[in-house]
Amino acid sequence: MTVMADVLTPRALRRGRLQSLALDGGLILLGSLFVALTARVTLWLPFTPVPITGQTFGVLLCGALLGPWRGGLALLAYLSEGLMGLPVFAGGTSAWSPSAFGVPVILGPTAGYLFGFVPAAFFVGLLASRGWDRSFWRAALAMVAGEAAIYALGLPWLARYVGPGAAVSLGLLPFIPGDILKLLLASALLPAGWRILQVLGAKQISETK
């Protein structure tokens, strides 16, 4: 009974809330740093201003593991880090690094993909919170929805620079095989991600997405 009384005191409740907020903040920061790490995997192609990167892998896995709100906020934090001048974007660039067209990356041809990371993580997390992450193939389908969100913003923005006709051939078709591989890999690594979250103390994260 003594333990129960301690748990129900206002001070304990406040402490529990602060711990929850600290955990959420830590997970959001870790998610943003994980995507920044995957952005270091970059392959620049000679025929398109859009590189092949590990970012989408990081975005999809982050959304599936952290849920819609934590995942979406993690990607907002990621964009904010780039806006602060940190080298977190593809190939170690920041928002203010020059793009292929000479303008800053945050305004350049790939900016739409960056903006699409936020809804992508949110949608994947939303589907995961509804049980789509409990089987490999449903998780993969959730990540297809995330990929669609990225391209929904990325292609129209790219078209401003290369024209609508070339946007698909330069910003979508060359990346389909790699995107399939990345989303399948992210789906396969979900159980390992859950174990890492448990180590960090987020044992109930799948129930509180």
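Scroll up a little and you will see the structure.
Residues numbered from 1 in each chain as written. Predicted model: local features only at pLDDT ≥ 70, side-chain atom pairs only at ≥ 80, totals over all residues. Heavy atoms only, no water.

Caption draft 1: The arrangement of the overall build of the protein in detail. Along the protein, the regular secondary structure elements total eight helices and two strands. Counting from the amino terminus, the protein carries its helices and strands in the arrangement α-α-β-β-α-α-α-α-α-α. The buried share of the protein, reckoned over its 209 residues, is 45%. In the protein, once contacts between residues fewer than 6 apart in sequence are set aside, the share between residues at least 24 apart is 69%. Carbon and sulfur atoms provide 73% of the accessible area of the protein, an area that totals close to 10600 Å². (Helix = DSSP H or I, 4+ residues; strand = E, 2+ residues; numbered from the N terminus. Buried < 20%, exposed > 50% of the residue type's maximum accessible area, 1.4 Å probe, protein only. Contact = heavy atoms within 4.5 Å. Areas by Shrake-Rupley, 256 points an atom, 1.4 Å probe, with all protein chains shown as cover.)

Caption draft 2: Seen up close, a nonpolar patch on the surface. On the surface, Leu29, Leu30, Leu33, Ile196 and Leu200 cluster together into a nonpolar patch covering about 460 Å² of accessible area. Broken down by element, the nonpolar patch gets its largest block of residues, three residues, from helix 2 (residues 10–38). As for its position among the elements, isoleucine 196 is in helix 8 (residues 190–199). (Patch = residues over 30% accessible without salt bridge, like charges linked within 9 Å, V, L, I, M, F, W, Y side chains within 5 Å. Salt bridge = Lys/Arg side-chain N within 4 Å of Asp/Glu carboxyl O.)

Caption draft 3: Representation of helix 5 (residues 136–162). Helix length check: helix 5, at 27 residues, gives a terminal C-alpha distance of 37 Å against a target of 39 Å (1.5 Å per residue), a fit within 8%. Remark: glycine 163 follows helix 5 within two positions and exhibits a positive phi of approximately 90 degrees. (Expected span 1.5 Å × (residues − 1).)

Caption draft 4: Highlighting the pattern of salt bridges. Under the criterion given, the structure shown has three salt bridges. In this structure, aspartate 133 and arginine 134 form a salt bridge, with 3.4 Å as the shortest nitrogen-oxygen distance. With a closest N to O distance of 3.5 Å, aspartate 179 and lysine 182 form a salt bridge. Of this pair, aspartate 179 and lysine 182 both sit in helix 7 (residues 176–188), three residues apart, roughly one helical turn. Each member of the pair, aspartate 179 as well as lysine 182, carries the same accessibility label: buried.

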